[in-house]
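# Overview (structure and organization)
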Amino acid sequence: MARVEFLGPIGRDSEEISVNTLAQLKEHFKDDEKLSRWLEICSVAINDRLVSSLDTPIKEGDKISLLPPVCGG
Amino acid sequence: MLELHHGPLHVEEILNRWYNQYRDQNCGAFVTFVGIVRDEDGIEGLSFDVYEPILKSWFDAWQERAKQRDAHLVMAHSMGDVPNHTSSYISGVISPKRRAGLELLDVFVEDFKAKAPIWKYDLINGKRVYAKERSTALPGAGILGGN
């Protein structure tokens, strides 16, 4: 299982999900309409490193973070 | 040095502390930027969420870049609520000479705005409203979206 965290304004508790790739995670969330609006604009980090490929593998115990657009300062 | 503080920053304490900490290193320039919350559009202030692990690795990468120019970066940011006319963000560069310091601070602050994992909310009638229109998508945004 990997843990998915929804950061900042997404406002959702973290979840444990069983997937092997980011593509599978995308598939897992595809029917979640409310989350879909966030997914259009969020970036993804695995173990605190931003990733850019849906082929990225997800291993047991990985932390997956969804990061909405930012505005520090 | 990266500092996170709950609420508005104590600007005088932070700047004085940094000045006293670095003044003896024989660097000729200490360049700073202090961000102050503006009273506009009826807000009472701003509020911030910070994702510390990625902020720290972002800052550490910048500190390495600064080191290559014999410079040192300092930064403080607020977590939570920051009222109008108080400060939420201070950053600075200690550098041997002023030109390098001024240039480094410019690029550092611009990259901070684009990349730091910090989310801003307007405080309106005591509630947090995500400042979506003023926010910038991070690299790889939308990877899980669409078809």
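All values derive from a computational prediction rather than experimental measurement. (Residues numbered from 1 in each chain as written. Chains lettered and ligands numbered in written order. Predicted model: local features only at pLDDT ≥ 70, side-chain atom pairs only at ≥ 80, totals over all residues. Heavy atoms only, no water.)

## A short note on the overall build of chain B
Regarding its fold elements, chain B presents three helices and seven strands. For chain B, the succession of helices and strands along the chain, N to C, is β-α-β-β-α-β-β-α-β-β. Summarising its shape, the C-alpha atoms of chain B cover approximately 50 × 40 × 25 Å along the three principal directions. Scored against the burial criterion, the 147 residues of chain B give a buried share of 46%. When the accessible surface of chain B is split by element, carbon and sulfur atoms take 49% of a total near 7,800 Å². Measuring between centres, the 17 positive side-chain charges of chain B sit 5 Å from its 20 negative side-chain charges. (Helix = DSSP H or I, 4+ residues; strand = E, 2+ residues; numbered from the N terminus. Buried < 20%, exposed > 50% of the residue type's maximum accessible area, 1.4 Å probe, protein only. Areas by Shrake-Rupley, 256 points an atom, 1.4 Å probe, with all protein chains shown as cover. Lys, Arg positive; Asp, Glu negative; His and termini not counted. Charge placed at Lys NZ, Arg CZ, Asp CG, Glu CD.)

## Considering the confidence of the model for chain B
Across chain B, the average pLDDT comes to 96, with 99% of residues at 70 or higher. The complex model carries a pTM of 0.96, and its ipTM stands at 0.95. (pLDDT = per-residue confidence, 0-100.)

## Here's the deal with helix 1 (residues 22-29) of chain A
Residues and elements named next belong to chain A. Among the residues making up helix 1, those that are buried are Leu22, Leu25, Lys26 and Phe29. The arc enclosing the buried residues of helix 1, seen along the axis, measures out at 100°, which places them on a common side. Buried-residue contacts for helix 1 involve strand 1 (2-6), strand 2 (12-17), helix 2 (33-39), strand 3 (43-46), strand 4 (49-51) and strand 5 (63-67). (Arc of directions from axis to C-beta. Contact = heavy atoms within 4.5 Å.)

## What to know about the sheet that holds strand 5 of chain A
All names here are of chain A. Ordered in space as 2-1-5-3-4, the five strands form an open sheet in which the pairing is mixed. Only two strands of the sheet have a single partner each, and these edge strands are strand 2 and strand 4. Direction aside, the axes of adjacent strands within the sheet are offset by 30° on average. With four bridges connecting them, strand 1 and strand 2 associate as antiparallel partners. Following the sheet pairing, valine 4 is matched in strand 2 by glutamate 15. On the sheet, helix 1 packs against strand 1, strand 2, strand 3, strand 4 and strand 5 and is oriented at approximately 125° with respect to strand 2. (Pairing = 2+ DSSP bridges. Axes fitted to C-alpha atoms, helices over the stretch in contact; angles between N-to-C directions.)

## Here's the deal with the pattern of salt bridges
All told, the structure shown has 13 salt bridges over all chains when counted by the stated rule. Note that glutamate 16 of chain A and arginine 3 of chain A form a salt bridge whose closest N and O atoms lie 2.6 Å from each other. Of this pair, glutamate 16 of chain A sits in strand 2 while arginine 3 of chain A sits in strand 1, and the two are 13 residues apart along the sequence. Residue classification places glutamate 16 of chain A among the partly exposed residues on the basis of a relative accessible area of 42%. The exposure class assigned to arginine 3 of chain A is partly exposed, which follows from its relative accessible area of 37%. The closest approach of N and O atoms between arginine 17 of chain B and glutamate 3 of chain B, which form a salt bridge, is 2.7 Å. With arginine 17 of chain B in helix 1 (residues 11-22) and glutamate 3 of chain B in strand 1 (residues 2-6), this pair connects stretches of sequence that are 14 residues apart. (Salt bridge = Lys/Arg side-chain N within 4 Å of Asp/Glu carboxyl O.)

## Brief notes about the side chain of threonine 56 of chain A
Within the element layout of this structure, threonine 56 of chain A appears in the loop between strand 4 and strand 5. Here serine 53 of chain A takes part through its backbone oxygen, which lies 2.5 Å from a polar atom of the side chain of threonine 56 of chain A. (Polar contact = N/O pair within 3.5 Å; in protein donor to acceptor, adjacent residues only side chain to side chain.)

## Details of the nonpolar core
Within the largest apolar cluster, 31 residues are counted, with the highest numbers of intra-cluster contacts made by Leu22 and Leu25 of chain A. Beyond its immediate chain neighbours, meaning those up to four positions away, leucine 25 of chain A contacts Val4, Ile17, Val19 and Ile64 of chain A together with Leu144 of chain B. Of all hydrophobic cores here, the second largest spans 24 residues; its members include Val37, Leu46, Leu55 and Phe112 of chain B. (Core = buried A, V, L, I, M, F, W, Y, C linked by side-chain atoms within 4.5 Å.)

## Regarding the pairing of strand 1 of chain A
The buried fraction of strand 1 of chain A amounts to four of the five residues, a majority that puts the element mostly inside the structure. The turn joining strand 1 of chain A and strand 2 of chain A, which pair antiparallel and follow one another in sequence, is formed by five residues; a positive phi near 60° is taken by glycine 8 of chain A.

## A look at the interface of chain B and chain A
With 34 residues of chain B at the contact, the number on the chain A side is 31 residues. Where chain B abuts chain A, roughly 2,600 Å² becomes buried across the two surfaces, and 64% of that area is made up of carbon and sulfur atoms. Three residues stand out in chain B for area buried against chain A, namely Trp119, Ile143 and Leu144 of chain B, and they jointly supply 30% of the buried area on that side. Remark: the boundary between chain B and chain A carries zero salt bridges. Counting every contact that joins chain B to chain A gives 15 residue pairs in polar contact (both at pLDDT 80 or more). Listed by contribution, the elements that provide at least two residues to the side of chain B that touches chain A are strand 3 (45-50), helix 2 (52-68), strand 5 (87-95), helix 3 (98-115) and strand 6 (118-124) of chain B. (Buried area = accessible area lost by both parts, 1.4 Å probe.)

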